[in-house]
Amino acid sequence: MRVHRAVGVDLGRQDDYTALSIIDRVPVEGGRPEFHVQWLRRLRHVPYTVVADEIAAMSMWPALIGVRFVVDATGVGRAVVDLLRERVPHVEAVTITSGREVTIAPVPHEHGVPKRDLASAMEVALSARRLRVPDKLPEGRALAAELQDFGWTISAAGRDSYAAK
């Protein structure tokens, strides 16, 4: 059984944090895999060009050579993905949608994923204790608290709304 590593990039807007994470997908014998957060960094009030520089530098770390960088391409993320593709070898662009199905764009390594799917997958991983965030990580407690506060509602019209409490 082989561990798969990925770097996640959630680009913040204006006063939000941009979050960078390194996560290992760890197989569990006879069960579903676990996700172990190995590293976290949050950046705030940093220009996207500087964020792209940081990510490009990360892609040179020996432990990240050949690893996929999964980047939120929603909104301004599209431009950041373009910047990164010039400098980072394995960029997967994920556009978060309000749709109901995962889509694969005609452009390689481009995906559209419904926010509902992402939120549901996170809830399942959390409730089954398959997401591991060590307290020793400097940002680990902040991430754990944010994940616990995250939730959603569905209106009478069937529209989803997602937010931290």
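## As for the environment of His4
Logical step 1: Mapped onto the elements, His4 comes out in strand E1 (residues 4-10).
Logical step 2: Here His4 falls in the partly exposed class, since its relative accessible area comes to 36%.

## A short note on the packing of aromatic side chains
Logical step 1: According to the stated counting rule, one finds one aromatic pair in the structure shown.
Logical step 2: Stacked on the ring of Tyr17, the Lys or Arg Arg42 has its end atom at 3.8 Å from the ring centre.
Logical step 3: The ring centre of Tyr17 lies 4.8 Å from the NZ or CZ of Arg44, which sits over that ring.

## What about the sheet that holds strand E7 (residues 110-114)?
Logical step 1: Strand order in the open sheet made by the eight strands is E6-E7-E5-E4-E1-E2-E3-E8, with mixed pairing throughout. Looking along the sheet, the strands with just one partner apiece sit at the ends: strand E6 (103-104) and strand E8 (131-132).
Logical step 2: Sheet topology places strand E5 (residues 91-97) next to E7; five bridges connect them, and they run parallel. Along E7, the bridge assignment pairs Thr97 with Pro114.
Logical step 3: Helix-sheet contacts for helix H2 (residues 77-85) involve strand E4 (68-72), E5 and E7, and the interaxial angle to E5 is about 175 degrees.
Logical step 4: Docked against the sheet, helix H3 (residues 115-127) engages E5, E7 and E8, running at close to 70 degrees with respect to E7.

## Brief notes about a nonpolar patch on the surface
Logical step 1: Taken together, the side chains of Phe150, Trp152 and Ile154 define a hydrophobic patch exposed on the protein surface, amounting to about 270 Å² of accessible area.
Logical step 2: For Trp152, the position within the fold is in strand E9 (residues 150-154).

## Some words on the pairing of E1
Logical step 1: Inspection of the sheet shows E1 paired to strand E2 (residues 18-26) by seven bridges, in the antiparallel sense. Bridge pairing in E2 places His4 opposite Arg25.
Logical step 2: With four bridges connecting them, E1 and E4 associate as parallel partners. Bridging across to E4, Val7 finds its partner in Phe69.

## What about the pattern of salt bridges?
Logical step 1: Applying the stated rule across the entire model yields eight salt bridges.
Logical step 2: Among the ionic pairs, Arg42 bridges to Glu139, the shortest N-O distance being 3.3 Å. Taken together, the residues span a long stretch of sequence, with Arg42 in strand E3 (residues 34-43) and Glu139 in the loop between E8 and helix H4 (140-149) at a distance of 97 residues.
Logical step 3: Given a relative accessible area of 23%, Glu139 falls into the partly exposed group.
Logical step 4: In this structure, Glu110 and Arg85 form a salt bridge, with 2.5 Å as the shortest nitrogen-oxygen distance. Taken together, the residues Glu110 in strand E7 and Arg85 in helix H2 connect sequence positions 25 residues apart.
Logical step 5: On the accessibility criterion, Glu110 (8% relative accessible area) is buried.

## A closer look at the nonpolar core
Logical step 1: Core analysis: the largest hydrophobic core is formed by 22 residues, its most contacted members being Val7, Ile55 and Leu84.
Logical step 2: Residue assignment for this core shows that the elements contributing at least two residues are E1, E2, helix H1 (48-58), E4, H2 and E5.
Logical step 3: Apart from residues no more than four positions distant in its own chain, Val7 is found in contact with Ser21, Ile22, Met58, Leu64, Val67, Arg68, Phe69 and Val70.
Logical step 4: The next biggest cluster of nonpolar side chains, apart from the first, holds six residues, and it includes Leu40, Ala125, Leu131 and Leu137.

Thresholds applied
- Residues numbered from 1 in each chain as written.
- Predicted model: local features only at pLDDT ≥ 70, side-chain atom pairs only at ≥ 80, totals over all residues.
- Heavy atoms only, no water.
- Helix = DSSP H or I, 4+ residues; strand = E, 2+ residues; numbered from the N terminus.
- Buried < 20%, exposed > 50% of the residue type's maximum accessible area, 1.4 Å probe, protein only.
- Phe/Tyr/Trp six-rings, centres within 6.5 Å; stacked < 30°, edge-to-face > 60°.
- Lys NZ or Arg CZ within 6 Å of the ring centre and 35° of its normal.
- Pairing = 2+ DSSP bridges.
- Contact = heavy atoms within 4.5 Å.
- Axes fitted to C-alpha atoms, helices over the stretch in contact; angles between N-to-C directions.
- Patch = residues over 30% accessible without salt bridge, like charges linked within 9 Å, V, L, I, M, F, W, Y side chains within 5 Å.
- Areas by Shrake-Rupley, 256 points an atom, 1.4 Å probe, with all protein chains shown as cover.
- Salt bridge = Lys/Arg side-chain N within 4 Å of Asp/Glu carboxyl O.
- Core = buried A, V, L, I, M, F, W, Y, C linked by side-chain atoms within 4.5 Å.

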